[in-house]
Amino acid sequence: MSERRARPAAKSSAAKGSRRPAWRRALTPPSAPPRTEAPGAEPPAPETAEPPSIVQAALYRDGVRVSSPATLADTFRELREQPSGMAWIGLARPTESELLSLAAEFDLHPLSVEDAMEAHQRPKLERYGDTLFVVLRAARYLDAPEEVDFGELHVFVGPDFVITVRHGAAPDLSAVRHRMEKAPELLSLGPEAVLYAILDAVVDGYAPVVSGVQNDIDEIETEVFRGDPEVSRRIYELSREMVEFQRATRPLVGMLHSLMAGFAKYGTDEELQRYLRDVADHVTHTSERVDGFRQALTDILTVNATLVTQQQNAEMRALAEAGFEQNEEIKKISSWAAILFAPTLVGTVYGMNFDHMPELHWGFGYPFAILLMAAVCIGLYVIFKRRDWL
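The structure reproduced in this document is the subject of the present report.

Rules used in this analysis
- Residues numbered from 1 in each chain as written.
- Predicted model: local features only at pLDDT ≥ 70, side-chain atom pairs only at ≥ 80, totals over all residues.
- Heavy atoms only, no water.
- Patch = residues over 30% accessible without salt bridge, like charges linked within 9 Å, V, L, I, M, F, W, Y side chains within 5 Å.
- Areas by Shrake-Rupley, 256 points an atom, 1.4 Å probe, with all protein chains shown as cover.
- Salt bridge = Lys/Arg side-chain N within 4 Å of Asp/Glu carboxyl O.
- Helix = DSSP H or I, 4+ residues; strand = E, 2+ residues; numbered from the N terminus.
- Pairing = 2+ DSSP bridges.
- Buried < 20%, exposed > 50% of the residue type's maximum accessible area, 1.4 Å probe, protein only.
- Phe/Tyr/Trp six-rings, centres within 6.5 Å; stacked < 30°, edge-to-face > 60°.
- Axes fitted to C-alpha atoms, helices over the stretch in contact; angles between N-to-C directions.
- Contact = heavy atoms within 4.5 Å.
- Parallel < 35°, antiparallel > 145°, perpendicular 65-115°, else oblique.
- Left-handed = near helix turned anticlockwise from the far one by under 90°.
- Nonpolar A, V, L, I, M, F, W, Y, C, P; charged D, E, K, R; others polar.
- Core = buried A, V, L, I, M, F, W, Y, C linked by side-chain atoms within 4.5 Å.

### Remarks on a nonpolar patch on the surface
Part 1 of the argument: Together, Trp-336, Ile-378, Tyr-381 and Val-382 make up an exposed nonpolar region whose accessible area comes to about 380 Å².
Part 2 of the argument: The leading source of residues in the nonpolar patch is helix α13 (residues 365–386), at three residues.
Part 3 of the argument: Assignment of secondary structure puts Val-382 in helix α13.

Now the structure itself:
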């Protein structure tokens, strides 16, 4: 039995129903049973097996911070003492025991707790009774390595609490908290206002990523037409990042439209309606830009492959022409070598020191040898010339 269920005196169903405004009904099903129990029970505060990894925890009343507990146990205790308050708990890579203590205190669904433990979830929105579970994929652009870093954020939104479980460096929720604390009239609208502020922060964080990717694509186009051999790898890596970016933004469009569809049904506060519509417009624009980036990278990859093929064909043609020219030169050299070899062969034969050789003591022997050499050379020249070797 959770500690939150042991607070009937301070939070009876009648009192709870009387102070629930329209904005709170937006995320609470009408048939959700009130969390009450027989008075008198006072179970001990939950204990964590390991030191808590709380980034920041605070209790708010009417949009103003009234307490900043240091541990989860203190947060639970002070929230029980503040029946009209709201707890905003931020965790970064929490331990299993911390999540289990949160689940026991706030009646979190086991499936949502399991997702928050394992992380690596797709963006989604699920309702479990009077608790809304939201998974978001934040992104930030790293200038030095020129790459996109993705983080994961799990948000539990209940009637009087908001729990954020962050996996990764992004987003910076402390800025969201400071901004909301400077606008108490907005923070006083409750946990749903915090959820929308977180959604806005995540979506606004996409803008620098879009600008950084646009610059990368411009640089890649220049490198493609400059013939940079490493551009193919860069196109592939950026395409992979755009696939991840698309997986982060595309489901978020449907999630926001799902929340917007419940405006009339749950009577969402008009201020939050305007807030959510603005966030939906931004994420739709971002999603369209990401789709355009993927198409642009596909086209650039095609152009790069065409340019590489043309370059390879030009190199092969140049090699073929060089080989042809080299072959022609070899034929010329071989032809002249054969022509020059013929008289050398005749002269070598007649240069032998034998006493009994034909024409050796013949008076016309020398002219005959000269004519024979000339005839052989002329004959070889005519043959090679007809074959275009010379």
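Having seen the structure, we can now continue with the description.
### Concerning the pairing of strand β2 (residues 64–67)
Part 1 of the argument: As judged from the three bridges shared by strand β1 (residues 54–61) and β2, these two strands associate in the antiparallel manner. From the neighbouring strand, Tyr-60 faces β2, where its bridge partner is Arg-65.
Part 2 of the argument: Between β1 and the antiparallel strand that follows it, β2, lie two residues; Asp-62 among them carries a positive phi value of about 55 degrees.

### What to know about the environment of Pro-191
Part 1 of the argument: Among the structural elements, Pro-191 can be located in helix α8 (residues 191–204).
Part 2 of the argument: Look at Pro-191 and you get buried, because its relative accessible area is 0%.
Part 3 of the argument: Each C-alpha atom of the pair Pro-191 and Val-162 lies 5.9 Å from the other, and the pair is 29 residues apart in sequence.

### Quick notes on the packing of aromatic side chains
Part 1 of the argument: This model, assessed by the stated rule, comprises seven aromatic pairs.
Part 2 of the argument: Judged by centre distance (6.2 Å) and plane angle (45 degrees), the rings of Tyr-60 and Trp-88 are tilted. Here the residue Tyr-60 occupies a position in strand β1, and Trp-88 occupies one in strand β3 (residues 86–92), the gap between them amounting to 28 residues. Here the two residues Tyr-60 and Trp-88 agree in accessibility, since each one is buried.
Part 3 of the argument: When the centroid spacing of 4.4 Å and the interplanar angle of 35 degrees are considered together, the rings of Phe-106 and Phe-161 count as tilted. Here Phe-106 is found in helix α4 (residues 96–106), whereas its partner Phe-161 is found in strand β7 (residues 161–167), with 55 residues between them in sequence.

### Looking at the sheet that holds β1
Part 1 of the argument: Read across the open sheet, the seven strands follow the order β2-β1-β3-β7-β6-β5-β4; overall the sheet is mixed. Looking at the sheet topology across the chains shown, the edges are occupied by β2 and β4 (124–128). With strand direction ignored, the average angle separating the axes of adjacent strands in the sheet is 25 degrees.
Part 2 of the argument: Where helix α3 (residues 72–81) meets the sheet, it contacts β1, β2 and β3, and its direction lies at approximately 170 degrees from that of β3.
Part 3 of the argument: The strands touched by helix α10 (residues 231–261) are β4, β5 (131–142) and β6 (147–157); relative to β5, the strand with the most contacts, the crossing angle is about 145 degrees.

### Structural notes on the packing of helix α9 (residues 206–226) against α10
The axes of two packed helices give the description: the angle between them and the distance between them.
Part 1 of the argument: Between α9 and α10, whose axes approach to 11 Å, the crossing angle comes to 155 degrees. Taken together, the axis directions place α9 and α10 in an arrangement best described as roughly antiparallel. For the pair α9 and α10, the sense of crossing is left-handed. Contact residues: Tyr-206, Val-209, Val-210, Val-213, Asp-216, Ile-217, Glu-219, Ile-220, Glu-223 and Val-224 in α9; Val-231, Arg-234, Ile-235, Leu-238, Met-242, Phe-245, Ala-248, Thr-249 and Leu-252 in α10.
Part 2 of the argument: Grouping the constituent residues of the contact of α9 with α10 by class yields 14 nonpolar, one polar and four charged.

### Topic: the nonpolar core
Part 1 of the argument: Of all hydrophobic cores here, the largest spans 61 residues; its most connected members are Leu-136, Ile-198, Leu-199, Phe-245 and Leu-252.
Part 2 of the argument: Among all residues touching Leu-199, those that are not within four sequence positions of it are Leu-136, Leu-252, Leu-256, Leu-259, Leu-276 and Val-279.
Part 3 of the argument: Counting residues in hydrophobic clusters, the runner-up holds 23 residues, among them Phe-76, Ala-87, Leu-99 and Ile-163.

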